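A closer look at the structure
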Amino acid sequence: MTKDSFLVLGIGGTTRSNSSTELALRACLAAVRGFGVKTELCSGADLELPLYSPEDPGRSPSAQRLVELVRRCDGLIIASPGYHGSISGLVKNALDYTEDLRSDARIYFDGLPVGCIACAHGWQAASGTLTALRSVVHSLRGWPTPLGVAINTAETRFDGDGACTNAATAEHLKIMAAQVVDFVTTRRSGSSQTMASSVSAARTMAGRA
Ligand SMILES: Cc1cc2nc3c(=O)[nH]c(=O)nc-3n(C[C@H](O)[C@H](O)[C@H](O)COP(=O)(O)O)c2cc1C
């Protein structure tokens, strides 16, 4: 498979379009495209979804698009602002919609690399939010990349074109994009099929135990 047949989905931002969180996410997705991989974005108004209700199978068009894109994607970048020390309700609600994938052959984020970005007005909330986001990704069976990106917006800004004022942050977003792309391309190669069947075999054995 060629790299341009892969899809990396970006989820995140705030209700405000062009928030720092959305611009950081867009910058990371631009880096993914720079490595030859396609991207899609669910941000801003795309995330203004009804509260996730497991008992109600009705889904808004935006919710259907989000779930379908998660179902189709080969990797993810997720970006949340730090609200009161953790991920925002908007982003958490969007992630709760992955519950609609609970009966899929590929459940939740199983086997997917996930790059995480947290933006807050200080290092404490930025770091705490990044840890919380990576923990949610783990619980959804995703593989957080070795590098996550915490951004302190008191020090770092994105201009109208999405360029970052902090060279180290810009570099970190590119490195994380590269880690997602590397994981996708490695996993889709022959060796990854060995890995996938090992996981499947391990599950079968666990089921029998
Ligand atoms: C409801 C709310 C709660 C927030 N809580 C915190 C917080 O606990 N710590 C912090 O550093 N910043 C906090 N912030 C500031 C955001 O993290 C900050 O705006 C962040 O840089 C996201 O920027 P953005 O809205 O441009 O994406 C809060 C903002 C809002 C609106």
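All of these numbers come straight from a predicted model, not from anything done at the bench.

1. Observations concerning the nonpolar core
Formed by 33 residues in total, the largest nonpolar core has its most connected members in Leu-9, Ile-11, Leu-66, Leu-76, Ile-78 and Phe-109. Put simply, the parts of the chain that give this core at least two residues each are β1 (7–12), α2 (61–72), β3 (75–83), α3 (89–96), β5 (113–120) and α4 (123–139). Per-element tally for this core: the top contributor is α2, with five residues. The contact partners of Phe-109, leaving out residues within four places of it in the chain, are Val-70, Leu-76, Ile-78, Leu-95, Thr-98, Val-114, Leu-140, Arg-141 and Gly-142. Among the nonpolar cores identified, the runner-up in size contains 25 residues, and Ala-31, Phe-158, Leu-173 and Val-181 belong to it.

2. Focus: unusual backbone geometry
Across the chain, the bulk of peptide bonds are trans and the bulk of non-glycine residues have phi less than zero. Within the chain, Asn-18 stands out as a residue other than glycine whose phi angle is a positive 65°. In this fold, Asn-18 is placed in the loop between β1 and α1 (20–34). One non-glycine residue, Tyr-108, lies in the positive phi region at around 45°. Within the fold, Tyr-108 resides in the loop between α3 and β5. Under the relative-accessibility criterion, Tyr-108 is labelled buried at 13%.

3. Quick notes on the site of the ligand
Taken together, 16 residues lie near the ligand, and Arg-16, Thr-21, Gly-82, His-84 and Thr-153 sit nearest. Between an oxygen atom of the ligand and a main-chain N or O atom of Ser-20, the distance comes to 2.8 Å. A distance of 2.4 Å separates an oxygen atom of the ligand from a polar side-chain atom of Thr-153. Surface burial for the ligand is 68%, taken as the share of its 620 Å² of free accessible area covered by protein chains. For the shell around the ligand, the secondary structure elements donating two or more residues are α1, β3 and β5. For the shell around the ligand, the residue count by class is five nonpolar, ten polar and one charged.

4. What to know about the pattern of salt bridges
For the structure on display, the rule yields eight salt bridges. Between Glu-40 and Arg-65 there is a salt bridge whose closest N-O contact spans 3.4 Å. Taken together, the residues Glu-40 in strand β2 (residues 38–43) and Arg-65 in helix α2 connect sequence positions 25 residues apart. Residue classification places Glu-40 among the partly exposed positions, given a relative accessible area of 30%. By relative accessible area, which is 33% here, Arg-65 ends up partly exposed. Several salt bridges share partner residues, and in doing so they unite Glu-40, Asp-46 and Arg-65 into one network.

5. Comments concerning α3
For α3, the set of buried residues is Val-91, Asn-93, Ala-94 and Leu-95. The secondary structure elements touched by the buried residues of α3 are β1, α2, β3 and α4.

Thresholds applied
Residues numbered from 1 in each chain as written. Predicted model: local features only at pLDDT ≥ 70, side-chain atom pairs only at ≥ 80, totals over all residues. Heavy atoms only, no water. Core = buried A, V, L, I, M, F, W, Y, C linked by side-chain atoms within 4.5 Å. Buried < 20%, exposed > 50% of the residue type's maximum accessible area, 1.4 Å probe, protein only. Helix = DSSP H or I, 4+ residues; strand = E, 2+ residues; numbered from the N terminus. Contact = heavy atoms within 4.5 Å. Near = heavy atom within 4 Å. Polar contact = N/O pair within 3.5 Å; in protein donor to acceptor, adjacent residues only side chain to side chain. Areas by Shrake-Rupley, 256 points an atom, 1.4 Å probe, with all protein chains shown as cover. Nonpolar A, V, L, I, M, F, W, Y, C, P; charged D, E, K, R; others polar. Salt bridge = Lys/Arg side-chain N within 4 Å of Asp/Glu carboxyl O.

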